[in-house]
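Topology and contacts: notes
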Amino acid sequence: MTLSAIKTRLHRFRTETDGYATLEVAIMIPILFVLFGAAWVYFDVFRQQTVNQKANYAIGDMVSRETEVLEDEYFDNTFKLLGVLTRNPVLPDELTGLFPADLRITVVSYKEANDKFDVEWSVARGDYPALETQDLNNYTERLPNIANGAELILVETWEDYNPVFRVGLAPLEIRTYSFTHPRYAPQVLYAGAMGENNGWGNGDQDAPGSSLCTNNAENATDCTNEDGSNNVEPNSKSKSKG
């Protein structure tokens, strides 16, 4: 075939407008479905991230309003609430044995003397363990500046997200985090952590002086004398926060 014949055929192919619509549909429909699926998956993961964060805020606000000592049943029901708000089961998967959603609530206090945060108590539901004081090194940049002895409620959630379609987005873990000050009381108490310190009160358990009154503890109620002679000391039967 000569060069002239090749040019003639290419020109004819370029100017030809005849064709079959079914062939064009067969080519375009799969592409449209892929684009639609990708858009839906990416929209859904952002939506689920927002749902989890709002659920986190709701739980943090709920805990911050508590004035009574919290029991384990309270956290069990809070975990169930997380499942309702995020539409996730709160039971382990039958195949993997892992929870599709996790919750951890931690109360930390700030000590100005050593410029550090300490874990007062931490409760976890799901696969993640409770937080310990040494773990707070990873949270230093994420915690605000607060007054000496003040407390914060940290709420963390996790969800295993599996995209419905494989469009370049692998399964991932959605994590949310928030901190809240106690609203109606200086501290939020957990029954499982009661009696683990000497009872000086919120932020005062490390203070010297061996006295509720001299250390200005929140639970000092009998400090009516100026010289301290009538101060009431804590005993082994008194309740204190953990």
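Reading the values: the criteria
Residues numbered from 1 in each chain as written. Predicted model: local features only at pLDDT ≥ 70, side-chain atom pairs only at ≥ 80, totals over all residues. Heavy atoms only, no water. Helix = DSSP H or I, 4+ residues; strand = E, 2+ residues; numbered from the N terminus. Buried < 20%, exposed > 50% of the residue type's maximum accessible area, 1.4 Å probe, protein only. Contact = heavy atoms within 4.5 Å. Areas by Shrake-Rupley, 256 points an atom, 1.4 Å probe, with all protein chains shown as cover. 1 Å grid on protein atoms, 1.4 Å probe; cavity = no way out; pocket = protein on both sides within 12 Å on 5 of 7 lines; lining within 4 Å. Points joined across faces, edges and corners; volume = space filled by probe spheres on them. Nonpolar A, V, L, I, M, F, W, Y, C, P; charged D, E, K, R; others polar. Pairing = 2+ DSSP bridges. Salt bridge = Lys/Arg side-chain N within 4 Å of Asp/Glu carboxyl O. Polar contact = N/O pair within 3.5 Å; in protein donor to acceptor, adjacent residues only side chain to side chain. Axes fitted to C-alpha atoms, helices over the stretch in contact; angles between N-to-C directions. Patch = residues over 30% accessible without salt bridge, like charges linked within 9 Å, V, L, I, M, F, W, Y side chains within 5 Å. pLDDT = per-residue confidence, 0-100.

1. A look at the overall build of the protein chain
Of the regular secondary structure elements, the protein chain holds three helices and four strands. Out of the 242 residues in the protein chain, the part that is buried amounts to 38%. Residue pairs at least 24 apart in sequence account for 61% of intrachain contacts in the protein chain once pairs closer than 6 positions are excluded. Summing over all exposed atoms, the protein chain offers an accessible surface of approximately 15,300 Å²; the carbon and sulfur share of this is 55%.

2. Points about the layout of surface pockets
A water-sized probe, rolled over the atoms, reveals where empty space remains. The volume enclosed by the largest pocket comes to roughly 240 Å³. Class assignment for the residues of the lining of the largest pocket results in six nonpolar, five polar and two charged.

3. Thoughts on the pairing of strand 3 (residues 151-161)
Burial within strand 3 is extensive, with 10 of its 11 residues counted as buried. Across nine bridges, strand 1 (residues 101-111) lies against strand 3 in antiparallel orientation. Each bridged residue has a counterpart across the sheet, and for I105 the counterpart in strand 3 is V155. Bridge count for strand 3 against strand 4 (residues 172-180) is nine bridges, and the pairing is antiparallel. For I153, the partnering residue across the bridge sits in strand 4 and is T180.

4. Some words on the pattern of salt bridges
Tallied over the full model, the rule gives 10 salt bridges. The partner of R65 in a salt bridge is D61, with the nearest N and O atoms 2.9 Å apart. D61 sits in the partly exposed class, given a relative accessible area of 23%. One salt bridge in this structure joins E120 and K111, with 3.4 Å as the shortest N-O distance.

5. Details of unusual backbone geometry
For R87, which is not a glycine, the phi torsion comes out positive at approximately 60°. The residue R87 is located in the loop between helix 3 (72-86) and strand 1 in this model. Of note in this structure, D115 is not a glycine but carries a positive phi near 50°. Here D115 lies in the loop between strand 1 and strand 2 (116-125). Judged by relative accessible area, D115 falls into the exposed class, the value being 56%.

6. Digging into the side chain of D44
By secondary structure assignment, the location of D44 is in helix 2 (residues 21-64). Here D44 falls in the buried class, since its relative accessible area comes to 10%. There is a polar contact of 2.9 Å between the side chain of D44 and the side chain of R47. At 2.5 Å, the side chain of D44 forms a polar contact with the side chain of Y161.

7. Here's the deal with the sheet that holds strand 1
The sheet built from four strands is open, its strands ordered 2-1-3-4 with antiparallel pairing. One side of each edge strand has no neighbouring strand; the edge strands of this open sheet are strand 2 and strand 4. Strand-to-strand twist in this sheet, taken as the mean axis angle between neighbours without regard to direction, amounts to 20°. Across the sheet, helix 3 touches strand 1, strand 2 and strand 3, and the angle it forms with strand 1 is around 125°.

8. Topic: the pairing of strand 1
Sheet faces and side chains relate simply in a regular strand, where the side chains alternate between the two faces. Taken across its 11 residues, strand 1 has 11 buried, putting it largely inside the fold. Along strand 1, one buried face is formed by A101, L103, I105, V107, S109 and K111 and the opposite face, lined by D102, R104, T106, V108 and Y110, is buried too. Once strand 1 ends, the chain turns through four residues before running back antiparallel as strand 2, passing D115 with a positive phi of about 50°.

9. Re a nonpolar patch on the surface
Nonpolar side chains collect at one region of the surface, where Y20, L23, V25, I27, M28, I29, I31, L32, F33 and L35 lie side by side and expose about 1,000 Å² of accessible area between them. By the element assignment, I27 lies in helix 2.

10. Comments concerning the confidence of the model for the protein chain
Taken residue by residue, the protein chain gives an average pLDDT of 82. The fraction at 70 or more is 80%. A low-confidence stretch, residues 197-226 stays under pLDDT 50, and its non-local contacts, those more than four residues away or across chains, total 68 contacts. Contacts from residues 230-242, a stretch scored under 50 in pLDDT, to residues over four places away or in other chains number 38 contacts.

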